[in-house]
Each structure stands twice: as structure tokens, then as C-alpha cells.
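Chain and residue survey
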Amino acid sequence: ITIRLATIDDLQGMQNANLSNLPENYTFKYYLYHLLSWPQASFVATTTDPELLEQDETQVTDIKKDTQYVRSGEKIVGYVLGKMDDDPDSTDKETPHGHVTSLSVMRTYRRMGLADKLMRQCLFALCENYKAEYVSLHVRKSNRAALHLYKDTLKFEVLSIENSYYQDGEDAYYMKKKLKLDE
Ligand code: ACO
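Let me sum up the structure you'll find in this document.

What counts, and at which threshold
- Residues numbered from 1 in each chain as written.
- Predicted model: local features only at pLDDT ≥ 70, side-chain atom pairs only at ≥ 80, totals over all residues.
- Helix = DSSP H or I, 4+ residues; strand = E, 2+ residues; numbered from the N terminus.
- Buried ≥ 20, exposed ≤ 12 C-beta atoms within 10 Å, placed from the backbone.
- Contact = placed C-beta atoms within 7 Å.
- Near = placed C-beta within 6 Å.
- Nonpolar A, V, L, I, M, F, W, Y, C, P; charged D, E, K, R; others polar.
- Axes fitted to C-alpha atoms, helices over the stretch in contact; angles between N-to-C directions.
- Parallel < 35°, antiparallel > 145°, perpendicular 65-115°, else oblique.
- Left-handed = near helix turned anticlockwise from the far one by under 90°.
- Pairing = 2+ DSSP bridges.
- Core = buried A, V, L, I, M, F, W, Y, C linked by C-beta atoms within 7 Å.

With that settled, the discussion passes to the overall build of the chain. Along the chain, the regular secondary structure elements total six helices and eight strands. Counting all 183 residues of the chain, 31% fall into the buried class. Restricting the contact set of the chain to residue pairs at least 6 apart, pairs at least 24 apart contribute 71%.

The next subject is the site of the ligand. Of all residues adjacent to the ligand, which total 24 residues, the nearest are Arg110, Ala115, Asp116, Ala145 and Thr153. Breaking the shell around the ligand down by element, the ones donating at least two residues are strand 5 (97-105), helix 5 (114-130), strand 6 (134-140) and helix 6 (144-153). Looking at the shell around the ligand element by element, the count peaks at seven residues for helix 6. Class assignment of the residues belonging to the shell around the ligand gives a composition of 12 nonpolar, seven polar and five charged.

Attention now goes to the packing of helix 1 (residues 11-21) against helix 2 (residues 28-37). Taken N-terminus to C-terminus, the directions of helix 1 and helix 2 make an angle of 125°; their axes are 10 Å apart at the nearest point. Judged by the angle between their axes, helix 1 and helix 2 are oblique. Between helix 1 and helix 2 lies a crossing of right-handed hand. Packed against helix 1, whose contacting residues are Leu11, Met14 and Gln15, the element helix 2 presents Phe28, Tyr31, Leu32 and Leu35 at the interface. Of the residues contributing to the contact of helix 1 with helix 2, the split by class is six nonpolar, one polar and no charged.

In summary, the side chains of a regular strand alternate between the two faces of the sheet. Of all the five residues making up strand 2 (residues 43-47), four are buried; the element is thus mostly covered by neighbouring parts of the structure. As defined by bridge partners, strand 2 adjoins strand 4 (residues 74-84) across five bridges and the pair is classed as antiparallel. Of the residues in strand 4, the one forming a bridge with Thr47 is Lys75.

A word on the nonpolar core. Judged by nonpolar contacts, the single largest core of 38 residues is most densely connected at Met14, Tyr79, Val80, Leu118, Cys122 and Leu126. Among the elements that line this core, the one with the most residues is helix 5, at nine residues. Those residues in contact with Val80, other than ones at most four positions away along the chain, are Ser42, Phe43, Val100, Leu103, Leu118, Met119 and Cys122.

Below, the structure is given as C-alpha cells:
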């Protein structure tokens, strides 16, 4: 499995992975906006290993059904979609900071350290390329796997709870991690 910078050709595969893994989905235009505005902030995990692909029959069927899932025999098994915060209503316009819009790993490729690696690449890139001083994200209160990754593995801190942040009414933790180039 390879982790590399995401390109425009990967966007369809990233959107497909997002649709399979999360209820929070975005328009293709929004994916494009990320890559055009911050081309060095999003990463994909891919595999070309036929054995891995074979083990994973439902996804092989998906590949046959949807050829956009694969790019030159490569399949996207995880992604992180990163950006700088350019929200005009941002509560912190003084300090340049990044935001992780979305992260997910396909089910059969979980617990292999991929999300950890994708996140570390993204955080380093936001700091190095866009001078982000910290990075923020939202996560569902009930998302144990993601909370473990952010809190325990990556040492994000919970800044606040945003009530009914998600469409189904669930609250979000708003989390933040300071970035340092030498870390
Ligand atoms: N329960 C408890 N801990 C877990 C779980 C779990 N189900 N899954 C992973 N972890 C822990 C791992 O043990 C590891 O901890 P360690 O550093 O102490 O060893 C750490 O989390 C990182 O594990 P990875 O293997 O890197 O994580 P993985 O590649 O499995 O991906 C992810 C984690 C992205 C949360 C995955 O489960 C997933 O895609 N879930 C569905 C989509 C999702 O919830 N995305 C995050 C939404 S928030 C956002 O996008 C900003």
C-alpha cells in the first residue's frame, strides 16, 4: 500500500470511498476546490496488490461496476482531504490554520495504520507548504475509532462541543492540534 499526494485523477475514487464510509458527503466541485486551492494538502492510500484486491470481493465487484474506482490498476483504499481554513466567518482569522475536511479508510484496510499515516502526511504538508500553525477538525461524539486516532494517537485536544453539528442531530467535538515543523 502506497501513500501519496492526491491528484485530480483520484478525486472520483476519493468521493466513492467517502460515500462508502461516511454519511457526510460533498459535491464533486467541493473535492475539486480542495485540490485546486491546496494541491499539496490531500493524500490517498492506494494498492495495486492483486492478492489484496482479491481478498476483497465486494470491492472487486465495485471495481468492475465502476471503472472510475481504479486508475491504471490502482485502487484508492483511503484518503484524507485537507485544506486551509478560508471561511470568512472563521473565529480565528489571525492565525493561518488548516482543517481536515474528511478522512476515511475502506473497511477491509482498517487497523493497519493507514489513517494514522494519512493524517501525519496531511498535518506535515499543511504546516510545511501552507504555514498552518494548527489544524482543526470535527468528529462525531460517538465515533470511537476516529476519537482514538485523534485524541490518543495524534494528540489532538477537544476545544469545544458543537451541539447538533451533524444533520442527524449528533454533536461534534471540535478538535485542534498545534503544528511544529520539527515535530
Ligand atoms: N476502535 C478503537 N480504536 C481504533 C479503532 C476502533 N474501531 N480503529 C482504529 N483504532 C485505533 C488504532 O488502534 C490506532 O491506535 P494506536 O495508535 O493506539 O495503535 C489508531 O486508532 C489509528 O489506527 P489506524 O489503523 O491508523 O486507523 P484506520 O486506518 O483503521 O482508520 C478511521 C481509522 C479513519 C477512523 C476508520 O475507522 C474509518 O474510515 N472509519 C469510518 C470513517 C470515519 O469515521 N472517518 C473519520 C470521520 S472524522 C473526519 O473525517 C474529520
